[in-house]
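Chain by chain, the residues:
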Amino acid sequence: MLRFGIISTAKIGRDNVVPAIQDAENCVVTAIASRDLARAREMADRFSVPHAFGSYEEMLASDVIDAVYIPLPTSQHIEWSIKAADAGKHVLCEKPLALKAGDIDAVIAARDRNKVVVTEAYMITYSPVWQKVRSLIEEGAIGSLRHVQGVFTYFNRDAANMRNIPELGGGGLPDIGVYPVMSTRFSTGKEPLRIQAITERDPDFGTDVYSSVKAEFDDFELSFYVSTQMANRQIMVFHGTDGYIEVKSPFNANRWGPEEIELADRSHNESRIFRFQDSRQYRREVEAFARAVENGKEEIVTLENSKLNQKVIDAIYRASEKDGWEAV
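The shown structure was predicted, so the numbers you read here are calculated from the model rather than taken from an experiment.

1. Quick word on the packing of helix α1 (residues 11–23) against helix α8 (residues 281–295)
Alright, step 1. Where α1 meets α8, the axes come as close as 8 Å, and the angle between the chain directions of the two elements is 60°. With respect to α8, the element α1 is oriented oblique. Every pair of crossing elements has a handedness; the one defined by α1 and α8 is right-handed. Every residue of α8 that contacts α1 at I12, N16, V17, A20, I21 and D23 is listed here: Y282, R283 and V286.

Shown next, in the form of structure tokens:
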């Protein structure tokens, strides 16, 4: 059993990842760390976790954990991923790992010198929904892929929320823009070549709250928009010469709609529905991570993959400052 320590008591850890680890077959949470010991103890008691620490450093120095999960604000991901790796701990870090692609090089160096597993927590890549999308495209179920469309939006104007605080790494592209990019790259195995984009920022927060993006791959296009100040919606569509694949509730599985894929033929006379009952993508993520630690062969999101994804986000920001195309 891989023993996890959780760095911080953040909501995504409390609501999604810690329950997934406790439900997993090959890992367990043995420690919670917070800068407030009382909060760490409260969360530890909630999940029957034996150890609570009043500092991150104290937990990293302990021998009661083998790995850490990091759901800190984005601006702290690089720092604590490196500190954890240097403490000899394997690292599952919440997305986005970085705010600039070049910052990931230091994490790669820390991974290599300490011989630990470090991965960014893209839970969708472990979901049977996205595994199925990838296999359908690979087997030619929709012919030649020509266009991918994506939407991911929600509404949040809470000034105290880290997503609306630039200094903490807030903004729509770091929070949700990474998902249409990663899901397209994961499903097709291809990389975008150049970008066009429009981005709008909140006049009070300064964070990006809306982006409309066009990405050109070698033989298809991706177009998507994301927003942190629009009504909740998410969908991904892969449109080919012989049909299309529509992914319902593609990212927050089973929260905004069914875990479902529709595969339609060219004339739309026939379609097949693939349903996935409780895909447990967070549990699959942590179990895959634990297997990667154990055998070194499990397919996980590599830091090199993370860097490629962040290069796209970097290019979107650059493209938003100019007319025309921006190379990735």
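2. Digging into the UniProt feature "domain: Gfo/Idh/MocA-like oxidoreductase N-terminal" (unreviewed entry) in the chain
Alright, step 1. Sequence positions flagged by UniProt for "domain: Gfo/Idh/MocA-like oxidoreductase N-terminal" (unreviewed entry) are, in local numbering, residues 2–121.
Alright, step 2. With 41% helix and 24% strand, residues 2–121 has its two end C-alpha atoms placed 17 Å apart.

3. Let's talk about the side chain of T74
Alright, step 1. Summarising the element assignment, T74 is placed in the loop between β4 (67–70) and α4 (77–86).
Alright, step 2. Take T74: its relative accessible area is 8%, and that puts it in the buried class.
Alright, step 3. Leaving out residues up to four positions away in the same chain, T74 has contacts with P96, L97, L99, M162, L168 and G169.

4. Some points on the UniProt feature "domain: GFO/IDH/MocA-like oxidoreductase" (unreviewed entry) in the chain
Alright, step 1. Residues given the UniProt feature "domain: GFO/IDH/MocA-like oxidoreductase" (unreviewed entry) here are residues 130–246.
Alright, step 2. A distance of 11 Å separates the end C-alpha atoms of residues 130–246, which is 22% helix and 44% strand.

5. Some words on the pattern of salt bridges
Alright, step 1. Under the definition given, this model contains 28 salt bridges.
Alright, step 2. Here D204 makes a salt bridge to R157, at a shortest N to O gap of 3.5 Å. Residue D204 is located in the loop between β8 (194–201) and β9 (208–216), and its partner R157 is located in the loop between β7 (145–155) and α7 (172–188); the two are separated by 47 residues in the primary sequence.
Alright, step 3. Since its relative accessible area comes to 37%, R157 is described here as partly exposed.
Alright, step 4. A salt bridge links R194 to E216, with the shortest nitrogen-to-oxygen separation between them at 2.7 Å. Here R194 is found in strand β8, whereas its partner E216 is found in strand β9, with 22 residues between them in sequence.
Alright, step 5. Residue class for R194 comes out partly exposed when judged on its relative accessible area of 30%.
Alright, step 6. Several salt bridges converge on common partners, so that one network encompasses D23, E25, R280, R283 and E287.

6. Comments concerning α4
Alright, step 1. With seven of 10 residues buried, α4 is to be regarded as a mostly interior element.
Alright, step 2. Burial in α4 covers these residues: H77, I78, W80, S81, I82, A84 and A85.
Alright, step 3. Where α4 is buried, its residues contact α3 (56–60), β4, β5 (90–94) and α5 (104–114).
Alright, step 4. A positive backbone phi angle near 85° is found at G88, which sits one or two residues after α4.

7. Some points on the sheet that holds strand β15 (residues 326–327)
In any sheet, the strands associate via hydrogen bonds between backbone groups, in a parallel or an antiparallel arrangement.
Alright, step 1. An order of β14-β13-β12-β11-β7-β10-β9-β8-β15 is seen for the nine strands of this open sheet, with the pairing classed as mixed. Two strands lie at the open edges of the sheet, namely β14 (271–275) and β15, each paired on one side alone.
Alright, step 2. Packing against the sheet, helix α6 (residues 128–138) makes contact with β11 (229–240), β12 (243–248), β13 (260–265) and β14, and its axis sits at approximately 175° to β12.
Alright, step 3. Sitting on the sheet, helix α9 (residues 303–319) touches β8, β9, β10 (221–227) and β15, and the angle it makes with β8 is about 65°.

8. Some details on the sheet that holds strand β2 (residues 27–33)
Alright, step 1. If you walk across this open sheet you meet the six strands as β3-β2-β1-β4-β5-β6, and the pairing is parallel. One side of each edge strand has no neighbouring strand; the edge strands of this open sheet are β3 (51–53) and β6 (118–121). Between one strand axis and the next, the sheet turns by 25° as a mean value, whatever way the strands run.
Alright, step 2. Pairing analysis gives three bridges linking strand β1 (residues 2–7) to β4, with the strands arranged parallel.

9. Notes on the packing of aromatic side chains
Alright, step 1. If you walk through the whole model with that rule in mind, you get nine aromatic pairs.
Alright, step 2. Measuring from ring centre to ring centre gives 6.0 Å for Y122 and Y179, while their planes differ by 90°; the resulting arrangement is edge-to-face. Linking Y122 in the loop between β6 and α6 with Y179 in helix α7, this pair joins segments that are 57 residues apart in sequence. There is no split in this pair, since Y122 and Y179 are both buried.
Alright, step 3. Here a set of aromatic residues connected by ring pairs shows up, and it is made of Y122, W130, F152, Y179, F238 and F251.
Alright, step 4. The ring of W80 has K83 lying over it, and the distance from NZ or CZ to the ring centre is 4.2 Å.
Alright, step 5. Cation over ring: R194 sits above W325, and NZ or CZ is 4.1 Å from the ring centre.

Analysis parameters
- Residues numbered from 1 in each chain as written.
- Predicted model: local features only at pLDDT ≥ 70, side-chain atom pairs only at ≥ 80, totals over all residues.
- Heavy atoms only, no water.
- Axes fitted to C-alpha atoms, helices over the stretch in contact; angles between N-to-C directions.
- Helix = DSSP H or I, 4+ residues; strand = E, 2+ residues; numbered from the N terminus.
- Parallel < 35°, antiparallel > 145°, perpendicular 65-115°, else oblique.
- Left-handed = near helix turned anticlockwise from the far one by under 90°.
- Contact = heavy atoms within 4.5 Å.
- UniProt positions renumbered as here; feature names shortened; annotations may be inferred.
- Buried < 20%, exposed > 50% of the residue type's maximum accessible area, 1.4 Å probe, protein only.
- Salt bridge = Lys/Arg side-chain N within 4 Å of Asp/Glu carboxyl O.
- Pairing = 2+ DSSP bridges.
- Phe/Tyr/Trp six-rings, centres within 6.5 Å; stacked < 30°, edge-to-face > 60°.
- Lys NZ or Arg CZ within 6 Å of the ring centre and 35° of its normal.

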